[in-house]
Amino acid sequence: MTTTPVRFYQVGSFAVGNRLLAPELASVQSDPDRANALTSGHRACQGCGEALGARYVLDAAMAAAGGRMVTVNATGCLEVFSTPYPESSWRVPWLHSVFGNAPAVATGVAAALRALGRDDIRTVAQGGDGGTVDIGFACLSGMFERNDDVLYICYDNQAYMNTGVQRSGATPPAARTATTQAVGPHPGNVFGQGKDVPRIAMAHEIPYVATATVADLRDLEAKVAKAMAMHGARYLHVFVPCPLGWGAASSHTVRIARLATESGIFPVFEAEHGEVTSVRKIRRQVPVEEYLRLQGRYAHLFRPTRNEEVLTRLQAAADRNIARYGLLGDDAVPEPASGEPVLVGAAPHLEHPARPSDHHAPSTSAGPGLDLHGNPAPDPRSDPAPRAHEEA
């Protein structure tokens, strides 16, 4: 990784606060003078991983660019909840483009700045997985091929969330969405489809490709800073859980992202010019089932009976990632030592009825999410539970 991991195992969660570090090692988010690129007042759902990721990324990018940066935003959840006309939560120069052409618009912005002789102003483009993996993919591939001087960020919540949780090319196998219902002999999204865009980006041999999650702030900030120090086409793929679309508790956003990494289902790595240069090692390996259990979109894998065949295939996919990227280090902890609670036994969320869906987008959850101890999570519409950024 681009950072030196600091492990304080005594806290159980592997977390370490800024108060334990020297000031020069503190995160951008702990700086009271940070850009606060996505400020309060937006209309994201409680626990939205995309809102969290966008703030982390753009604050780090603004810090790296010395405040001289232009951002291009594709249509999607991030644009919808942040800019209900005439309001805006953005505190950075920000342009909205349509669903499919954010990479092309960003290319034009970078070219215009170059024509003006403003090489000191950097260009960042961002979008969700629908606008990136599917609708905007041709423009993105062109941007990669031309090696345009743009850092493109994909916030991957694995479906089209703002239009009603439809499947995207980033939706994982077996996940239920509004268009991949849990019915028939093979419920949920089918195996063998979809795109691994980080690997496709690597195939273009662009200067920099990286993956990250909202569960590891320091890793994410370090990768943004590294990407901003480079020129040419760069791609950062950020894993951002969606409580509404995934049928998870809003307080579980960071935990789910962490479990995705620790199970191997979402590999975290860096690559330069098509070659993997570093990986984020798994510190405490967990079975992929522990990641799945917190999400209602996988409820059909546990009821009315366990679907052992599908669970085995998903575990095999995680194991394949672990082998491909060498994610297990010599000092990995094979089983939970202490601290973090682990869900065992039958999936508890299956014992509770589903709540009505939110008006913003229909829920695909079969039941409420869980808190850290496996109990039903508080209803976000009636309980002032902490936001995801507070949990982080």
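Coordinates for the structure precede this section.
The rules behind these values
Residues numbered from 1 in each chain as written. Predicted model: local features only at pLDDT ≥ 70, side-chain atom pairs only at ≥ 80, totals over all residues. Heavy atoms only, no water. Salt bridge = Lys/Arg side-chain N within 4 Å of Asp/Glu carboxyl O. Helix = DSSP H or I, 4+ residues; strand = E, 2+ residues; numbered from the N terminus. Buried < 20%, exposed > 50% of the residue type's maximum accessible area, 1.4 Å probe, protein only. Core = buried A, V, L, I, M, F, W, Y, C linked by side-chain atoms within 4.5 Å. Contact = heavy atoms within 4.5 Å. Phe/Tyr/Trp six-rings, centres within 6.5 Å; stacked < 30°, edge-to-face > 60°. Lys NZ or Arg CZ within 6 Å of the ring centre and 35° of its normal. Axes fitted to C-alpha atoms, helices over the stretch in contact; angles between N-to-C directions. Parallel < 35°, antiparallel > 145°, perpendicular 65-115°, else oblique. Nonpolar A, V, L, I, M, F, W, Y, C, P; charged D, E, K, R; others polar. Pairing = 2+ DSSP bridges.

To continue, consider the pattern of salt bridges. Going through the model one piece at a time under the given rule, you end up with 17 salt bridges. In this structure, the salt-bridge partner of D216 is R280, at a minimum N-O distance of 3.9 Å. Placement of the pair is D216 in the loop between strand 5 (208–213) and helix 7 (217–228) and R280 in the loop between strand 8 (275–279) and strand 9 (282–284), with a sequence separation of 64 residues. On the basis of relative accessibility, which here comes to 22%, the residue D216 falls in the partly exposed class.

Among the nonpolar cores identified, the biggest contains 67 residues, and L236, V238, Y291, L292 and L301 are the most heavily contacted of them. In terms of residue count, the dominant contributor to this core is helix 1 (residues 49–65) (10 residues). Apart from residues no more than four positions distant in its own chain, V238 is found in contact with V57, I153, C154, Y155, D156, A212, T213, V214 and L220. Counting 32 residues, the second largest nonpolar core, distinct from the first, contains V72, L113, A233 and A271.

The next thing to look at is the packing of aromatic side chains. By the definition in use, this model includes 7 aromatic pairs. Taking 5.5 Å as the distance between ring centres and 15 degrees as the angle between the ring planes, the aromatic pair formed by W90 and W94 counts as stacked. Take W90 and W94: they sit in the same class, and that class is buried. Taken together, the ring pairs in this structure connect F144, Y152 and Y235 into an aromatic cluster. A cation over an aromatic ring shows up here: R313 above the ring of F191, its NZ or CZ 3.9 Å from the ring centre.

Running from N to C, helix 3 (residues 102–115) and helix 5 (residues 137–146) point in directions that differ by 40 degrees, and their axes come no closer than 7 Å. In this view, helix 3 runs oblique relative to helix 5, as classed from their interaxial angle. Note on element contacts: helix 5 touches helix 3 through C139, L140, M143 and R146, opposite P103, A104 and T107. Looking at the contact of helix 3 with helix 5 residue by residue, the classes come out as 5 nonpolar, 1 polar and 1 charged.

With mixed pairing, 8 strands are arranged side by side in an open sheet as 2-1-3-4-6-5-7-8. The open sheet terminates on both sides in strands that have one partner only, identified here as strand 2 (94–96) and strand 8. For this sheet, the mean inter-axis angle between neighbouring strands, taken without regard to orientation, is 20 degrees. Pairing analysis gives 5 bridges linking strand 3 (residues 122–128) to strand 4 (residues 151–156), with the strands arranged parallel. For V124, the partnering residue across the bridge sits in strand 4 and is L151. Together, strand 1 (69–73), strand 3, strand 4, strand 5, strand 6 (234–239) and strand 7 (269–272) form the strand contacts of helix 7, whose direction differs from that of strand 5 by roughly 160 degrees.

That is the geometry; function is a separate question.
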